[in-house]
Amino acid sequence: MRETPISHGRLTEFTSTCLEKLGLKAADAQLVAETLVAANLRGVDSHGVVRLPHYATRLRNGSVKARPKITARRTGPSAAVVEGDAGMGQLVAVRAMQEAISLAKQSGVGAVTARNSSHCGACAWFVDMAVREGMVGVALTHTDSIMVPPGMKRIFLGSNPIAFGAPGERGPVIIDMSTTHVAWGKILVARQEGKSIPPDWGVDKDGKPTTDPQQVVGLAPTGSHKGYALAMMVEILCAQLAGVPFGRHVTKMYGELDKPRNLGHFMLALDVARFTDAMMFFSEIDSFLQEIHAEGALAPGDPERLNAERRRRDGIALGATLGELNALAQELGVAKL
């Protein structure tokens, strides 16, 4: 039987209700739900509601707090540190970007580290916060080790994503990418769906490329040594700069479910008007995109934008994730999808 796609509104309501049942405040549950469904809308299913059962496990175990006391401490005119209190990563990251935007409104630049956080989902959401304020945004987070760098046979760094956003007159540029060829979540989706993967996605226990997602123990960096270098940059800004564990010392997302993650994030907001004429900047972004499209090419972020337009109209197909979500719903006493 062909699956009936689910509307993004229904999926958001379902996810929010589950998170409330797990102890989150209503507003926090709604925010986290919106970030997850936004990833599904953009076609990034690896960072969407597929993560909800895992979050439920950590919330039940107490390794992620349902009601953390997230605080921000300003350390200079353009700098701040956010303490996440082992809360949901989306809540910590949003607070960090809110602080970065607030600082940028005052001084032109806001740079914020966040510590004692957890998995924050797709970082596109956080740069979009800056874009909506007419600012350029950068969002970084490190993860537990999953990348096997060139010259190594063991995992050493995380998939350490980089997100960037810039506002345009007709629409923004939103870029969100991992420093591995793909994110680990794509391996999980392939496992769920019983599909093979391209040979450049991951390596097996012997460090050799594999097309079997069940055999993958580590991911390959995008662009070989270049992805490795970018991942190291992210690690320094999110781990050492935030004063949290790095590399192999980071708590495993799926292997140490009773231990807090203590992840770090780095958020940057730049007030365009402090550097150049804002309206000219927005117009130039549009011209930039128009020239790309005139060549018959897609700009970075276009595939996700087009996915979102289609899925808002047609709904979101969840595949194997639907069964997992309905199993969780039954446990929580929530109406199934």
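Structure report, in brief.

Cut-offs and rules
Residues numbered from 1 in each chain as written. Predicted model: local features only at pLDDT ≥ 70, side-chain atom pairs only at ≥ 80, totals over all residues. Heavy atoms only, no water. Axes fitted to C-alpha atoms, helices over the stretch in contact; angles between N-to-C directions. Helix = DSSP H or I, 4+ residues; strand = E, 2+ residues; numbered from the N terminus. Parallel < 35°, antiparallel > 145°, perpendicular 65-115°, else oblique. Left-handed = near helix turned anticlockwise from the far one by under 90°. Contact = heavy atoms within 4.5 Å. Nonpolar A, V, L, I, M, F, W, Y, C, P; charged D, E, K, R; others polar. Buried < 20%, exposed > 50% of the residue type's maximum accessible area, 1.4 Å probe, protein only. Pairing = 2+ DSSP bridges. Expected span 1.5 Å × (residues − 1). Arc of directions from axis to C-beta. Patch = residues over 30% accessible without salt bridge, like charges linked within 9 Å, V, L, I, M, F, W, Y side chains within 5 Å. Areas by Shrake-Rupley, 256 points an atom, 1.4 Å probe, with all protein chains shown as cover. Salt bridge = Lys/Arg side-chain N within 4 Å of Asp/Glu carboxyl O.

**Re the packing of helix α1 (residues 8-21) against helix α2 (residues 26-41)**
Then comes step 1: Running from amino to carboxyl end, α1 crosses α2 at an angle of 140°, the nearest separation of the two axes being 8 Å. Taken together, the axis directions place α1 and α2 in an arrangement best described as oblique. Considering only the axes of α1 and α2, their crossing is right-handed. The residues of α2 that touch α1, namely those facing His 8, Leu 11, Thr 12, Thr 15, Ser 16, Leu 19 and Glu 20, are Ala 26, Ala 29, Gln 30, Val 32, Ala 33, Glu 34, Leu 36, Val 37, Asn 40 and Leu 41.
Then comes step 2: Split by residue class, the contact of α1 with α2 holds nine nonpolar, six polar and two charged.

**Here we look at the pairing of strand β4 (residues 135-141)**
Then comes step 1: Counting buried residues in β4 gives seven out of seven residues, a clear majority hidden from the surface.
Then comes step 2: In β4, alternate side chains face the same way, and those of Met 135, Gly 137, Ala 139 and Thr 141 on one face and Val 136, Val 138 and Leu 140 on the other are all buried.
Then comes step 3: Judged from the seven bridges that link them, β4 and strand β10 (residues 263-271) form a sheet pairing that is antiparallel. Its bridge partner being in β10, Val 138 is matched across the sheet by Leu 268.
Then comes step 4: Relative to strand β5 (residues 162-166), β4 is paired through four bridges, and the arrangement is antiparallel. Among the inter-strand pairings, Ala 139 is bridged to a residue of β5, identified as Ala 163.

**Some details on the environment of Gly 48**
Then comes step 1: Topologically, Gly 48 is positioned in the loop between α2 and α3 (52-61).
Then comes step 2: For Gly 48, a relative accessible area of 0% gives the class buried.
Then comes step 3: When the C-alpha atoms of Gly 48 and Gly 218 are compared, they prove to be 21 Å apart, with 170 residues separating the residues in sequence.
Then comes step 4: The contact partners of Gly 48, leaving out residues within four places of it in the chain, are Leu 36, Ala 39 and Asn 40.

**Some words on the sheet that holds β5**
Then comes step 1: Across the sheet, seven strands lie side by side as β1-β2-β3-β10-β4-β5-β6; this open sheet has mixed pairing. In this open sheet, the two edge strands, each paired with only one partner strand, are β1 (71-76) and β6 (173-177). The mean inter-strand angle of the sheet, taken between neighbouring strand axes irrespective of direction, is 15°.
Then comes step 2: In this sheet, β6 lies alongside β5 in antiparallel orientation, the contact comprising five bridges. Within the sheet, the bridge partner assigned to Ala 166 lies in β6 and is Val 173.
Then comes step 3: Here helix α5 (residues 124-131) sits on the sheet in contact with β4, β5, β6 and β10, set at roughly 160° to β4.
Then comes step 4: Most of the contacts of helix α7 (residues 225-240) go to β4, to which it runs at about 95°, and overall it touches β3 (109-117), β4, β5 and β10.

**Remarks on α7**
Then comes step 1: Between the first and last C-alpha of α7 there are 21 Å, a value that for 16 residues agrees with the 22 Å anticipated at 1.5 Å per step.
Then comes step 2: Those residues of α7 that sit buried are Gly 227, Ala 231, Val 234, Glu 235, Cys 238 and Ala 239. On an axial view of α7, the arc spanned by its buried residues comes to 110°, and they lie on one face. Residues His 225 and Lys 226 are exposed on α7 and point more than 90 degrees away from its buried face.
Then comes step 3: Each element contacted by the buried residues of α7 is listed here: β4, β5 and β10.

**Points about the sheet that holds strand β7 (residues 202-203)**
Then comes step 1: Pairing is antiparallel across the open sheet formed by three strands, whose spatial order is β8-β7-β9. In the strand order of this sheet, the two ends are held by β8 (209-210) and β9 (218-219), each with one partner.
Then comes step 2: Across two bridges, the pairing between β7 and β9 is antiparallel. Across the sheet, Val 203 pairs through a bridge with Gly 218, a residue of β9.

**A closer look at a nonpolar patch on the surface**
Then comes step 1: On the surface, a cluster of nonpolar side chains totalling about 240 Å² of accessible area is made up of Met 177, Leu 230 and Met 233.
Then comes step 2: Along the polypeptide, Met 233 turns up in helix α7.

**As for unusual backbone geometry**
Excluding glycine, residues mostly have negative phi values, and the peptide bonds linking residues are mostly trans.
Then comes step 1: You will see that Ala 86, though not glycine, has its phi angle at about 60°, which is positive.
Then comes step 2: With respect to the element layout, Ala 86 can be found in the loop between β2 (79-83) and α4 (89-107).
Then comes step 3: Even without glycine at this site, Asn 262 takes up a positive phi of about 55°.
Then comes step 4: Residue placement: Asn 262 occurs in the loop between α7 and β10.

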